[in-house]
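Fold and geometry: a report
Residue-level listing of the chains:
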There are 4 protein chains.
Amino acid sequence: MRQKPSRPAPAKGRVGVVVVGAGALSTTLIAGILAVRRGLGKPIGALTQLGVVPGPPERPGPVPVGQAVPLTALPDLAFGVWDILPDSVYRSAVKAQVLERELLEELRPELDVIRPWRGIFDPRFVHRIEAAHCRPRQGHLDSVAGIDKDIKSFRETAGIDRMVLVNAASTEVYQSVEDVHRDLGMFERALAADDERISPAMLYAYAALKQRIPVVNCTPSHAVNVPALLQLSEEMKVPVTGRDLKTGQTLLKTILAPGLKARGLGIAGWYSTNILGNRDGEVLDDPACLKSKEESKLAALKAILEPELYPDLYGGLVHRVRIDYYPPRRDNKEAWDNIDIFGWLGYPMQIKINFLCRDSILAAPLALDLILLIDLAARAGLRGAQDWLSLYFKNPTVRNGRQVHDLFVQRQLWEDGVRRIAGWTANGRGV
Amino acid sequence: MRQKPSRPAPAKGRVGVVVVGAGALSTTLIAGILAVRRGLGKPIGALTQLGVVPGPPERPGPVPVGQAVPLTALPDLAFGVWDILPDSVYRSAVKAQVLERELLEELRPELDVIRPWRGIFDPRFVHRIEAAHCRPRQGHLDSVAGIDKDIKSFRETAGIDRMVLVNAASTEVYQSVEDVHRDLGMFERALAADDERISPAMLYAYAALKQRIPVVNCTPSHAVNVPALLQLSEEMKVPVTGRDLKTGQTLLKTILAPGLKARGLGIAGWYSTNILGNRDGEVLDDPACLKSKEESKLAALKAILEPELYPDLYGGLVHRVRIDYYPPRRDNKEAWDNIDIFGWLGYPMQIKINFLCRDSILAAPLALDLILLIDLAARAGLRGAQDWLSLYFKNPTVRNGRQVHDLFVQRQLWEDGVRRIAGWTANGRGV
Amino acid sequence: MRQKPSRPAPAKGRVGVVVVGAGALSTTLIAGILAVRRGLGKPIGALTQLGVVPGPPERPGPVPVGQAVPLTALPDLAFGVWDILPDSVYRSAVKAQVLERELLEELRPELDVIRPWRGIFDPRFVHRIEAAHCRPRQGHLDSVAGIDKDIKSFRETAGIDRMVLVNAASTEVYQSVEDVHRDLGMFERALAADDERISPAMLYAYAALKQRIPVVNCTPSHAVNVPALLQLSEEMKVPVTGRDLKTGQTLLKTILAPGLKARGLGIAGWYSTNILGNRDGEVLDDPACLKSKEESKLAALKAILEPELYPDLYGGLVHRVRIDYYPPRRDNKEAWDNIDIFGWLGYPMQIKINFLCRDSILAAPLALDLILLIDLAARAGLRGAQDWLSLYFKNPTVRNGRQVHDLFVQRQLWEDGVRRIAGWTANGRGV
Amino acid sequence: MRQKPSRPAPAKGRVGVVVVGAGALSTTLIAGILAVRRGLGKPIGALTQLGVVPGPPERPGPVPVGQAVPLTALPDLAFGVWDILPDSVYRSAVKAQVLERELLEELRPELDVIRPWRGIFDPRFVHRIEAAHCRPRQGHLDSVAGIDKDIKSFRETAGIDRMVLVNAASTEVYQSVEDVHRDLGMFERALAADDERISPAMLYAYAALKQRIPVVNCTPSHAVNVPALLQLSEEMKVPVTGRDLKTGQTLLKTILAPGLKARGLGIAGWYSTNILGNRDGEVLDDPACLKSKEESKLAALKAILEPELYPDLYGGLVHRVRIDYYPPRRDNKEAWDNIDIFGWLGYPMQIKINFLCRDSILAAPLALDLILLIDLAARAGLRGAQDWLSLYFKNPTVRNGRQVHDLFVQRQLWEDGVRRIAGWTANGRGV
């Protein structure tokens, strides 16, 4: 059943954004927000900052999102991070090699004071050896208590009014959803028993929900996106969202496939290869991870193309996805797609797409949008998985089990969501 | 003011499709329809044949287009053509080198009997020397009378109940719209005075409208798409549509641009090059033609991106379009696009698209859709330019002067159009 | 030690070409030669037919290869094939979908009479189930005897004067070179013992050599290209060559890499992906095969680039190769390469290559050249591995153990080889 | 007649490099050499720095170029520049946006002291308005005298022993070679008469030659590369070289075409498009320039492919070249090539190449090589056009009128040239 939002009051006070992982995404996000605040750059790609929505029925012209709904202003955001390395956000940003050195030097004083709290490290989930700055492993409940403590101390020392937790940690090793993840009771018992199927990302999410902090999961890890924790988010009346930010190849796929379908062109095959030089690439080089990724990508294409409705067009689609770790690409990402389409009488044609993109540059504005919109959703009284935020994810967590992948449908859901919170539509879909 | 369609009765009787020009498109269309009738191929790309629309409010599931509205069945189509060469449709199809020889041999008996009527040839508009089969040039009114005679004789001998005229002739030399094209009175005076600004494509369109035959213009030529003839279509209560079928590069452009915009990504530059080996390529090799094409393509991008609303994202867009005649490509067409996009803080990324397409294979199903839908529109009492058919055109002719280019908005207009004719929506947009 | 060829007499009599495997390559080769004989096509890609070499020192201008050395004329070639399916060469050619149906119909009478002899089938080496036409498995020596019988009967019934055996069978499962392959004595003992490390391709090669028939191995299988059989070729004084015809991506790689090196440009990474829809693709989809392919390709790059001589330019090269089975491509093959180069002060640049090629169309002229040139070599008294034929192979078998991969050096060796046989160079390299 | 070099003595003393034009190339060259001297980068792409040649016949292993012949060491180079803007080399380098700001800051003191002498400006040849730093236009002879004075003063103040003049100015407007450029006598009379067909680039070259200073022309302008000035270079016994550095698309073309030819593959069409954002792109946007560029590129392909020798393979080649000014690319350059090749029986295949390159990064090491090698040639007593330096140019100036374009033949000529100067080959070609 759809929730009915209440129109929130203007945003007041500071929002504490606590981020798990001080890697390329987090540092690009934080440094970028500081740069925008100081007029050193523009928040390109963030719909909350530069987007518009149609106005109320009586004045349907375009209205900037920030005028339609009361968003938190950028100067009101404060940041805290956890990491398993002791580097400051300044130092991590330099290492990440995403933003130009010149800009980072200008922001150095502000970035250097953000020092990470000790992270939770579990070698079963992240195969990185040098965890030089993690909290001692004394069981799950102890970890949760540690997170609580960090959050509380941040809240007090930084004068925080509301919070959002963002998971931007390294992708965890692939893990299937099992019984302990399906039911809150079982989850909590597993927590107490130090069950090895509970990953660090889940511990952070659990800790946040218990304190009624909304959770945004940017990564492919499960984190908040398992039934047990979604149940908790409903019970605690906290909105959550995720997972796996839609950047790069999948973004283009969910643009192009709806377009070909809108014109009734057939697709015989879709071959996609990705080369990545960063940590993500390393993790995905593992065949098990890849398999799951490939299946999830295939599912997205099927959800868009509806082969059951169009057997002549999409019934025989062969879909192959490759993800290769290729260090020369660094944080940049490159995709090459070959799409075998067919037209009149089945005659074949081909589309090739080469996308030279930058992971964190594409991801950071999405993370900013999600922080501001999940905070807005919380203030509007919404809870649980937020379907209208599907636009941002490769693998959107939804309430009714039916994922939407078509970018244009996602965008419409998003727009309807914003307008419902604005109180401008009685019958909007999807919030 | 929007017209209100009446739900048409089931289609009965034969529809005579009279086509100007027996080139690659026409022969691929006709041979393809014959092949589909005989189960030798599928009408891929034709939404009327394989598409669905949402059903009526009470049963909103997908309904095949042919069940939603009463379309003419393929076996009820009969074909006549004009050309300035005497080759039969079989022979022209062989020369066009689009369809495989094997298929054409199977269809040979049916294709060989379609012999062209003598075409109107005006060397000012088409720089082709060997017009071995044209009617003697004895003035515009004589040409119109000749067209009338061909149509009437076809109607009688073939037992035709309704007709559609399709312009698929070679693109005419670029021509600006002048006073004689703007007003019906002036147009008719110019007709009588053999004014050289009236092209063959306009003569065919005029003759058709005077006989209340709907007109579909597949080419970039003006044909029916000048104010004077649109006025005539309103007066004669005949629906018309055009111009320049949207295939190839522009199709992808109007898919991709809305997608990038939906996510707020900036675009710094868009470089497009096309290589064509057919007649179209030869015509467009002319700098004057190209200039007009380039401007029209730029207009399409601007109409989609709305730089006035998003100055930070699209205000500085540099758009370059190249069209080159390259004989090795024959009827195939190839496009290469480089798109310079930017994200967070303005950091640049690139998308390259290489589209190996086939002009007539993409165009034929659009022509089939347009024939069936303009006939449907006529039976539904619609007249003048049909905005809801914008989906099919690079340069859609519309009633209110405001072209829509975004493929997804066009598709919605199309769907609304079909559903309004079906009587399923009281408040649909765009018919 | 280099062999000294004697100038052969003009070619007289018929050459029997016995081909293992009647797949895409063999049928394209045989049908193509018949087509060329009848003037229905040109033997593009065959240097023996269209190439030139510099003339003798006193007249150094270009001389057609066929005038420089006495090659067998195409009408003097006769064909026999083995296969594990009973289809005639006509039927196999139709199934292979490489050549146009129209051409095959014209050649049908000549192709249809070539019926395969029963092939040797060993499920350990070829994972194909439907071996409907193989000789009963009764041990290696029985298989060899069977091959002998087929060859002799062909020789007699077809009036054959000389022979060449060509291996064009499906690639066998990857196999490491072991002791039984290293020494002729051990090999023959293993033969008698039905050792499972001896593959069908080796049996054909062994049988041919024992009858002093030169062997050409077009495939990546070992066949004649193991030390034991090379030893036999020396002893029997028969020339042999192979393995893995250089078509597609590796061809371009061995063109481009020498070019970049000639100008001192650095290479940081080379990412290659291949999509194949034919049997080769299926076989290579196996990770074990791929690994070996990847290593062999890396070796070729290293042999060309000499990183030990140019550590600043090629010392850090990351090379990744992907081969993916993608059925929509059929016999066509497609490669996409991304090459990360660097120039002045290490600044990066990129080259992307997309090669849409056809395996058998590229391979057939190489097979023709090899048949004619190995026959020439035999008549010139050359024996063992023919280094000067390296031009044709991804993995050239050489006498001295030092493979040459640079296409331009290979071409020079080839030219020197032809000219030495012509008697035009006292000091040529490489024969 | 070929010249016989004498082996030069070890290089002693300082070489003054006087550069016309302080744009992207010059500043990248000068800053790069300074960076290399200080160990801040490597001179990638410069064969004089990182290349090898085969040693003398008795020890044929690879020998570094700098050990084979006595080159001037980098610390012995001193730089002077002319420009029509007053910016220092530091400031020009910042504006050029080629090298990273960080590096330029480190080199700032050394770059900032290189202040340009006033340049010669002639609005007929360079359509740039803001020539804020040019010498007053008082006739050609006065300009030559001014250049002389700048050179002499530099020689004295900087303690220069030898000199090289490098033309790296903006490309001049296209100009056909006329009688005044064909004969030295006529040229000198035209000089006295202020003939408008004599361009600034020619004035610099003339002045240099009269002082026996070798000239390197990096640009497509004529400069020293007209018969009259080549005659002067012979008379003054000074070596010269040029024109139009071979970077980017032509580099790849002259690598790939020889490779395809070496394997006898046919080429039906070659379509090349270039997008450039710098001054070069602006100049080439002019149709007249482009036409001449297109013809010169076609000539290069023909010179490599020899269609007269291979009519079946290259007789029907369609070659199209596009060069488009596209500001978003800045100093980067991008090429897209489509090559339609054909194999066995004429079946078509395609190669597409996308080259993302950087003009000045590719050009700077060539300029360094040319400075050191022309100085070497002068010391070896060579004069006039240096054919063995063809490797570096799109349009190499040669003595015998027959240009070589095949990169691999050029490379061999280069190697032979170096080895002849080293005294290692009695019968080398091409010096």
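All of these numbers come straight from a predicted model, not from anything done at the bench.

Let us now look at the overall build of chain A. Assigned secondary structure in chain A consists of 16 helices and 13 strands. Here chain A has a C-alpha radius of gyration of 21 Å; the compact-globule value for 431 residues is 22 Å, and the two agree. Nonlocal contacts in chain A, meaning residues at least 24 apart in sequence, comprise 76% of its contacts between residues at least 6 apart.

Attention now goes to the packing of helix H1 (residues 24–37) of chain D against helix H15 (residues 359–379) of chain D. Residue and element names in this part refer to chain D. Their axes nearest at 9 Å, the elements H1 and H15 cross at an angle of 65°. Note on packing geometry: the crossing formed by H1 with H15 is right-handed. For the pair H1 and H15, contact is made by Ala-24, Leu-25, Thr-28, Leu-29, Gly-32 and Ile-33 and by Asp-359, Ser-360, Ile-361, Ala-363, Ala-364, Ala-367 and Leu-368, respectively. Looking at the contact of H1 with H15 residue by residue, the class counts come to nine nonpolar, three polar and one charged.

Right, let's get into the relation of the copies chain D and chain B. The transform that puts chain D on chain B rotates by 180° and translates by 0.1 Å along the axis, for an RMSD of 0.0 Å. Expressed as an axis order, the relation between the two copies is that of a two-fold axis.

All right, on to the interface of chain B and chain A then. On the chain A side, the residues contacting the 48 residues of chain B number 48 residues. Mapped by element, the contributors of at least two residues to the side of chain B that touches chain A are helix H1 (24–37), helix H2 (47–50), helix H11 (248–262), helix H14 (311–314), strand S12 (348–358), helix H15 (359–379) and helix H16 (407–421) of chain B. No other element matches the 10 residues that S12(B) contributes to the side of chain B that touches chain A. Classifying every residue of the side of chain B that touches chain A by side-chain character gives 30 nonpolar, 12 polar and six charged. In terms of strand pairing, strand S12 (residues 348–358) of chain A meets S12(B) through seven bridges, oriented antiparallel.

The next point concerns the domain arrangement of chain A. All names here are of chain A. Its domain assignment divides chain A into domain 1 (15–245 + 361–421) and domain 2 (248–359). Taken over C-alpha atoms, the centre of domain 1 sits 27 Å from the centre of domain 2. Contact residues are listed per partner, giving 18 residues for domain 1 and 21 residues for domain 2. Going through the elements one at a time, helix H15 (359–379) and helix H16 (407–421) are the ones with two or more residues in the side of domain 1 that touches domain 2. By residue number, the principal contributor to the side of domain 1 that touches domain 2 is H15, which donates three residues. Residues belonging to the side of domain 1 that touches domain 2 are distributed by class as follows: nine nonpolar, seven polar and two charged.

Take chain B, turn it by 180°, move it 0.0 Å along the axis, and it overlays chain A with an RMSD of 0.0 Å. Interface overlap between copies: 100% of the residues of chain B at the interface are likewise at the interface in chain A, consistent with a symmetric, same-surface contact.

Residue and element names in this part refer to chain A. Contact geometry for helix H4 (residues 89–96) and helix H5 (residues 101–112): axes closest at 8 Å, N-to-C directions at 140°. Relative to H5, H4 is oriented oblique. Taken together, the residues of H5 that come into contact with H4 (itself represented by Val-89, Tyr-90, Ala-93 and Val-94) are Leu-104, Arg-108, Leu-111 and Asp-112. Of the residues in the contact of H4 with H5, the class split is six nonpolar, no polar and two charged.

All names here are of chain C. For helix H16 (residues 407–422), spanning 16 residues, the distance from its first C-alpha to its last is 22 Å, which sits close to the expected 22 Å at 1.5 Å a residue. Of all the 16 residues making up H16, 14 are buried; the element is thus mostly covered by neighbouring parts of the structure. Where H16 ends, the next residue or the one after it, Gly-423, has phi of about 80°, a positive value.

Turning our eyes to something else, we now look at the interface of chain D and chain B. Contacts between the two partners involve 18 residues from chain D and, on the opposite side, 18 residues from chain B. Elements supplying a minimum of two residues to the side of chain D that touches chain B: strand S9 (266–276), strand S10 (318–325), strand S11 (332–342) and strand S12 (348–358) of chain D. Element by element, the count of residues in the side of chain D that touches chain B is highest for S9(D), at five residues. A breakdown of the residues in the side of chain D that touches chain B according to their chemical character gives eight nonpolar, four polar and six charged.

Here Ala378(A) lies in helix H15. Filtering out sequence-adjacent residues up to four positions away, Ala378(A) remains in contact with Pro214(A), Val238(A) and Pro239(A).

Spatially, S10(A)-S9(A)-S11(A)-S12(A)-S12(B)-S11(B)-S9(B)-S10(B) is the arrangement adopted by the eight strands of the open sheet, whose pairing is mixed. The open sheet has two free edges, formed respectively by strand S10 (318–325) of chain A together with strand S10 (318–325) of chain B, since each of these has just one partner strand. Strand-to-strand, the axes of this sheet are offset by a mean angle of 10°, without reference to chain direction. Here strand S9 (residues 266–276) of chain A pairs with strand S11 (residues 332–342) of chain A via 10 bridges, running antiparallel. When the bridges of S11(A) are listed, Thr273(A) appears paired with Trp336(A). Lying on the sheet, H15(B) is in contact with S12 of chain A together with strand S11 (332–342) and S12 of chain B; it crosses S12(B) at an angle near 80°.

A few words now on the sheet that holds strand S6 (residues 162–167) of chain A. Residue and element names in this part refer to chain A. The strand order S5-S4-S1-S6-S7-S8-S13 describes an open sheet built from seven strands, whose pairing is parallel. The sheet is open, and its two edges are formed by strand S5 (117–118) and strand S13 (384–385), each paired on a single side. Inspection of the sheet shows strand S8 (residues 239–242) paired to S13 by two bridges, in the parallel sense. The partner of Val-240 across the bridge, within S13, is Ala-385. Each of strand S1 (15–20), strand S4 (77–83), S5 and S6 touches helix H6 (residues 140–157); the most contacted strand, S1, lies at about 150° to it.

All names here are of chain B. Taking burial as the measure, the 11 residues of S12 include 10 buried ones, the bulk of the element. Alignment of S11 against S12, held across 11 bridges, turns out to be antiparallel. Directly across from Ala-335, in S12, lies its bridge partner Phe-355.

So, about unusual backbone geometry. All names here are of chain B. Cis geometry marks the peptide bond from Gly-242 to Arg-243; its omega dihedral reads 0°. Here Asp-194, not a glycine, exhibits a phi torsion of approximately 55°, which is positive. With respect to the element layout, Asp-194 can be found in the loop between helix H8 (184–192) and helix H9 (200–210). Note on Asp-194: 14 C-beta atoms within 10 Å, which makes it partly exposed.

The predicted coordinates should not be examined in detail at positions where pLDDT is low. Residue and element names in this part refer to chain A. On average, residues of chain A score 93 in pLDDT, and 96% of them are at 70 or above. Under a pLDDT of 50 for its full length, residues 427–431 has, in the predicted model, 18 contacts with residues more than four places off or in other chains. Scoring of the predicted complex yields 0.94 for pTM and 0.94 for ipTM.

As a further point, take H8(B). Residues and elements named next belong to chain B. Three or more residues of H8 are buried, namely Phe-187, Ala-190 and Leu-191. Angular distribution of buried residues about the axis of H8 spans 105°; they occupy a single face of the element. When the buried face of H8 is taken as reference, the exposed residues oriented beyond 90 degrees from it are Gly-185, Arg-189 and Ala-192. In this fold, the buried residues of H8 make contact with helix H6 (140–157), helix H7 (179–182) and helix H10 (227–235).

Looking at the element boundaries, Cys357(C) is found in strand S12 (residues 348–358). Residue classification places Cys357(C) among the buried residues on the basis of 21 C-beta atoms within 10 Å. Considered as a pair, Cys357(C) and Ala335(C) are 22 residues apart in the sequence and their alpha carbons are 8.0 Å apart. Those residues within four positions of Cys357(C) in sequence are excluded, and the remaining contacts are Thr247(C), Gly248(C), Lys333(C), Leu362(C) and Met349(D).

A few words on the environment of Leu345(B). Tracing the backbone shows Leu345(B) in the loop between S11 and S12. Non-local contacts of Leu345(B), meaning those with residues more than four positions away in its chain, are made with Gly32(A), Ala35(A), Gly41(A), Lys42(A) and Ile44(A).

Cut-off values and rules
Residues numbered from 1 in each chain as written. Chains lettered and ligands numbered in written order. Predicted model: local features only at pLDDT ≥ 70, side-chain atom pairs only at ≥ 80, totals over all residues. Helix = DSSP H or I, 4+ residues; strand = E, 2+ residues; numbered from the N terminus. Rg over C-alpha atoms; globule rule 2.2 N^0.38 Å. Contact = placed C-beta atoms within 7 Å. Axes fitted to C-alpha atoms, helices over the stretch in contact; angles between N-to-C directions. Left-handed = near helix turned anticlockwise from the far one by under 90°. Nonpolar A, V, L, I, M, F, W, Y, C, P; charged D, E, K, R; others polar. Least-squares fit on C-alpha atoms with pLDDT ≥ 70 in both. Pairing = 2+ DSSP bridges. Domains from an automatic or database assignment. Parallel < 35°, antiparallel > 145°, perpendicular 65-115°, else oblique. Expected span 1.5 Å × (residues − 1). Buried ≥ 20, exposed ≤ 12 C-beta atoms within 10 Å, placed from the backbone. pLDDT = per-residue confidence, 0-100. Arc of directions from axis to C-beta.

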